[in-house]
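# Working through the structure, step by step
If you want the building blocks of each chain, they are given just below.
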Amino acid sequence: MLVAVVGVGLVGSEFINQLLSIPAESSPFRLVSLSSSSRTVFVDPANAISSIDKWKSILSASNEKPNYENLTQKLSGLIDPSTKVAIVDNTSSDDIASLYPQWLRAGINVITPNKKAYSGDLGLYEDILRASKETGAKFLNESTVGAGLPVISTLKELVATGDKVKKIEGVFSGTMSYIFNEFSTGSPDGPSFSSVVSVAREKGYTEPHPADDLNGFDVARKLTILARTIGSSSLPSLQSFASVQTSSLIPAPLEGIPTGDEFLKRLPEFDAEFDQMRKEASRESKVLRFVGVVDGVNGEVKAGLEKYPTSHPFATSLGGSDNIIMFHTERYSPRPLIIQGAGAGAAVTAMGVLGDLLKLI
């Protein structure tokens, strides 16, 4: 299989290294193209890029600018009955995501951790489905939810084998997981909310601007992907992730603050409010967790701060920035199917992407 990689940042670089770590004599893949935001390289399949130590210098030596029209033509020209082609999009770009239908119609498989195409405009998502059906080219997106955790593949198998998904609930954000694992332990007291957010930022768990995590949009995108994967008529038709009922944790007076530093400087003004929520939860022997829910029974898709008993898996099983997802189905009832583990990080995200690529062999 011939592979073209778009995006060579943190996840992209890790993916390339994992791909090229497969021993050459047993690898089914030939890496023929690399593209960053500023340059691209395309090589003859007979001279595929194979060295972990050299791929960065090969790309940096190129003076050619990315041209995805040309890339599409070159790759589609290499497809034959014995040769499959895949593009791996490791970006978070809307512009790249909009090209998926074109690539699929050219017979090129698409693999990505990029959530934009699957959680954005419903029209684009439906066009991706049509394009894949027309040519048989696959689109695989395991790492869009839970990084390398087998969330999407498990859900697809549940649906394909006829199980009825009643509800999916989980802690889908590694950032929110860390924040509330530290902030709310069942005790009425603990570190201030603003200090926990600051530490999370220092550890690299949040975006440079923490409001980009606290607004809940990342969770809303993941819920949109899951709801669309289920494809049930009992669920609302989400025009985009913005259609999800999302309760932001950004205090209203801090909406629109332009920098992360200024945001964190003012966040302590609202510590008392978060402390009161923690105390109320503790009085009920509960903890606070930012969860996402896809409810097929009541037809709801929502994300927000909820209280769970201190004996609940969301209270007892989580550590660090773990994700945990519960599938309540007809078959997995009354005890749900639970998937848990690291839900963020370049290594596990890249592993999920490489796992998708292996599914095409």
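Residues numbered from 1 in each chain as written. Predicted model: local features only at pLDDT ≥ 70, side-chain atom pairs only at ≥ 80, totals over all residues. Heavy atoms only, no water.

## Some thoughts on the UniProt feature "binding site: L-homoserine" (unreviewed entry) in the protein chain
With numbering aligned to this structure, UniProt lists the feature "binding site: L-homoserine" (unreviewed entry) at E207. Along the chain, the position of E207 falls in the loop between α10 (193–202) and α11 (211–214). Apart from the residues lying within four places of it in its own chain, the contact partners of E207 are R201, D212 and D213. (UniProt positions renumbered as here; feature names shortened; annotations may be inferred. Helix = DSSP H or I, 4+ residues; strand = E, 2+ residues; numbered from the N terminus. Contact = heavy atoms within 4.5 Å.)

## A closer look at the environment of G170
Of note, G170 is situated in strand β7 (residues 165–171). Separated by 49 residues in sequence, G170 and V219 place their C-alpha atoms 9.7 Å apart.

## Re the packing of helix α1 (residues 10–21) against helix α16 (residues 346–359)
Across the interface, α1 lies against α16 with an axial gap of 8 Å and an inter-helix angle of 55°. Taken together, the axis directions place α1 and α16 in an arrangement best described as oblique. Judged by the sense of rotation from one axis to the other, the crossing of α1 with α16 is right-handed. Residues L10, V11, E14, F15, Q18 and L19 of α1 form the contact with α16, whose participating residues are A346, A347, T349, A350, M351, V353, L354 and L357. (Axes fitted to C-alpha atoms, helices over the stretch in contact; angles between N-to-C directions. Parallel < 35°, antiparallel > 145°, perpendicular 65-115°, else oblique. Left-handed = near helix turned anticlockwise from the far one by under 90°.)

## Digging into the UniProt feature "domain: Aspartate/homoserine dehydrogenase NAD-binding" (unreviewed entry) in the protein chain
Under the local residue numbering, the UniProt record ascribes the feature "domain: Aspartate/homoserine dehydrogenase NAD-binding" (unreviewed entry) to residues 7–140. Strand forms 14% of residues 7–140 and helix 41%; the C-alpha atoms that close the span are 17 Å apart.

## With respect to the nonpolar core
In this structure, F15, I168 and L357 are the most contacted members of the largest nonpolar core, which totals 99 residues. Among the elements that line this core, the one with the most residues is helix α12 (residues 217–230), at 7 residues. Contact partners of L357, with chain neighbours within four places excluded, come to M1, V3, F15, L19, F29, A86, V88 and I111. Counting 9 residues, the second largest nonpolar core, distinct from the first, contains V293, Y308, L318 and M326. (Core = buried A, V, L, I, M, F, W, Y, C linked by side-chain atoms within 4.5 Å. Buried < 20%, exposed > 50% of the residue type's maximum accessible area, 1.4 Å probe, protein only.)

## What about the packing of aromatic side chains?
Here the structure, examined in full by the defined rule, presents 12 aromatic pairs. Look at F183 and F193: their rings are 5.5 Å apart centre to centre, the planes differ by 85°, and that puts the pair in the edge-to-face class. Residue F183 is located in helix α9 (residues 174–183), and its partner F193 is located in helix α10; the two are separated by 10 residues in the primary sequence. Overall, the relative accessible area of 1% leaves F183 in the buried class. (Phe/Tyr/Trp six-rings, centres within 6.5 Å; stacked < 30°, edge-to-face > 60°.)

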